[in-house]
Amino acid sequence: MRKFIVGNWKMNGMSADLGEIAAISAVAQLYTSVDSALCIPATLIDRAVKAVGDFPIGGQDCHMQNSGAHTGCVSSEMLSDAGAVLTIIGHSERRAAQHEQDSDIRAKAEAASAAGLKVIVCVGETLEERDAGKALDVVLGQLKLSLPDTVAGAWLSVAYEPVWAIGTGRVAEPADVEEMHGAIRAALKERFGEECGAIHILYGGSMNGDNAAELLAVPNVDGGLIGGASLTAAKFKPILAAAQATSE
Ligand code: PGA
């Protein structure tokens, strides 16, 4: 499968960073065997889309309604209207800080796909949950409740991001990643059928140029969701190179 490498800029990015976004898109387009995208703050999407041509730009969240009395929120239709072609949903930072529940994430995923966006649904356990031996149960439970029943075609990716690996420099062991990604793949196939073999399951959590080759070689790791190492073209490039080497 072609690898899918997605940058997540989180709450980083000002007008002055549009040049870096253009540099990232230019580098990404050199790796023709890799699908890539950059998810950036909503305030930059319109200008970034104009700066990068065909390179996919995405959001990092959306509301489950298309419009209405939801002060401060951005809908999937608004993201699409601004030129986004994908969005992250259910990132653990939002599950924790904005108290997003699986049912919210499912409704957002439905709204985003209805608006024509590709969706990356994030799942992942906390360190306490892993230490208690509950990682598989937690992640498969999130997956079950966060995904709509209509999972068809290429609009969905799943990102497995252990919460304790995000932004910490601490990376999950390849054997643990393999176990989790295999379990996610099996759960997808059981619920939605064999065609779910084509859904990208991304790993996220301190992926960088030093560890990407090892992580991307793990069975059922079909790409990465990358925070810190997506902020510059220089840091993103070796991850793309590792993805190119492991893309099929
Ligand atoms: P990180 O973030 O690569 O900085 O750990 C990944 C993410 O939260 O998507």
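What comes next concerns the included structure. Predicted model, so just to flag it, every value in this text is computed and none were measured.

### Notes on helix H10 (residues 233-246)
Its 14 residues give H10 an end-to-end C-alpha distance of 20 Å, which sits within 8% of 20 Å, the value for a rise of 1.5 Å per residue. If you check which residues of H10 are buried, you get Ala233, Phe236, Ile239, Leu240, Ala242 and Ala243. Looking at the buried side of H10, the elements it contacts are strand E1 (3-8), helix H1 (18-28), strand E2 (34-39), helix H9 (212-216) and strand E8 (223-226).

### Focus: the site of the ligand
Every one of the 13 residues lining the ligand counts as a neighbour, but Lys10, His91, Glu161, Gly167 and Ser206 are closest to it. Take glutamate 161: an N or O atom from its side chain is 2.6 Å from an oxygen atom of the ligand. Between the ligand and glycine 167 there is a distance of 2.6 Å, counted from an oxygen atom to a backbone nitrogen or oxygen. Taken by itself the ligand offers 290 Å² of open surface, and the protein chains cover 94% of this. Of the residues in the shell around the ligand, the class split is four nonpolar, seven polar and two charged.

### Overview of the layout of surface pockets
The calculated volume of the largest pocket comes to roughly 600 Å³. Along the walls of the largest pocket sit 25 residues, with Lys10, Gln60, Asp61, Arg94 and Gln98 positioned nearest its centre. For the lining of the largest pocket, the secondary-structure elements that each account for two or more residues are helix H2 (42-52), helix H4 (92-97) and helix H5 (102-114). Here the lining of the largest pocket is composed, by residue class, of 10 nonpolar, eight polar and seven charged. For the second largest pocket, the calculated volume is near 290 Å³. Together, 20 residues line the second largest pocket, and Phe4, Asp35, Ser36, Pro56 and Lys118 are the ones closest to its centre.

### A short note on the environment of isoleucine 5
Position of isoleucine 5 relative to the elements: it lies in strand E1. Isoleucine 5 gets classed as buried once you look at its relative accessible area, which sits at 0%. A C-alpha to C-alpha distance of 10 Å links isoleucine 5 and leucine 216, two positions 211 residues apart in sequence. Isoleucine 5 has contacts with Val34, Asp35, Ser36, Ala37, Leu216, Gly223, Gly224, Ile226, Phe236, Ile239, Leu240 and Ala243, leaving out every residue within four places of it along the chain.

### Topic: the packing of H5 against helix H7 (residues 135-146)
One can describe the packing of H5 onto H7 by two numbers: an axis separation of 8 Å at closest approach and a directional angle of 45°. In this view, H5 runs oblique relative to H7, as classed from their interaxial angle. For the pair H5 and H7, contact is made by Asp102, Ser103, Ile105, Arg106 and Ala109 and by Gly141, Gln142, Leu145 and Ser146, respectively. Here the residues of the contact of H5 with H7 sort into three nonpolar, four polar and two charged.

Here is what the cut-offs are and how they apply
- Residues numbered from 1 in each chain as written.
- Predicted model: local features only at pLDDT ≥ 70, side-chain atom pairs only at ≥ 80, totals over all residues.
- Heavy atoms only, no water.
- Helix = DSSP H or I, 4+ residues; strand = E, 2+ residues; numbered from the N terminus.
- Expected span 1.5 Å × (residues − 1).
- Buried < 20%, exposed > 50% of the residue type's maximum accessible area, 1.4 Å probe, protein only.
- Contact = heavy atoms within 4.5 Å.
- Near = heavy atom within 4 Å.
- Polar contact = N/O pair within 3.5 Å; in protein donor to acceptor, adjacent residues only side chain to side chain.
- Areas by Shrake-Rupley, 256 points an atom, 1.4 Å probe, with all protein chains shown as cover.
- Nonpolar A, V, L, I, M, F, W, Y, C, P; charged D, E, K, R; others polar.
- 1 Å grid on protein atoms, 1.4 Å probe; cavity = no way out; pocket = protein on both sides within 12 Å on 5 of 7 lines; lining within 4 Å.
- Points joined across faces, edges and corners; volume = space filled by probe spheres on them.
- Axes fitted to C-alpha atoms, helices over the stretch in contact; angles between N-to-C directions.
- Parallel < 35°, antiparallel > 145°, perpendicular 65-115°, else oblique.

The quantities given are spatial measurements derived from coordinates; they are silent on function.
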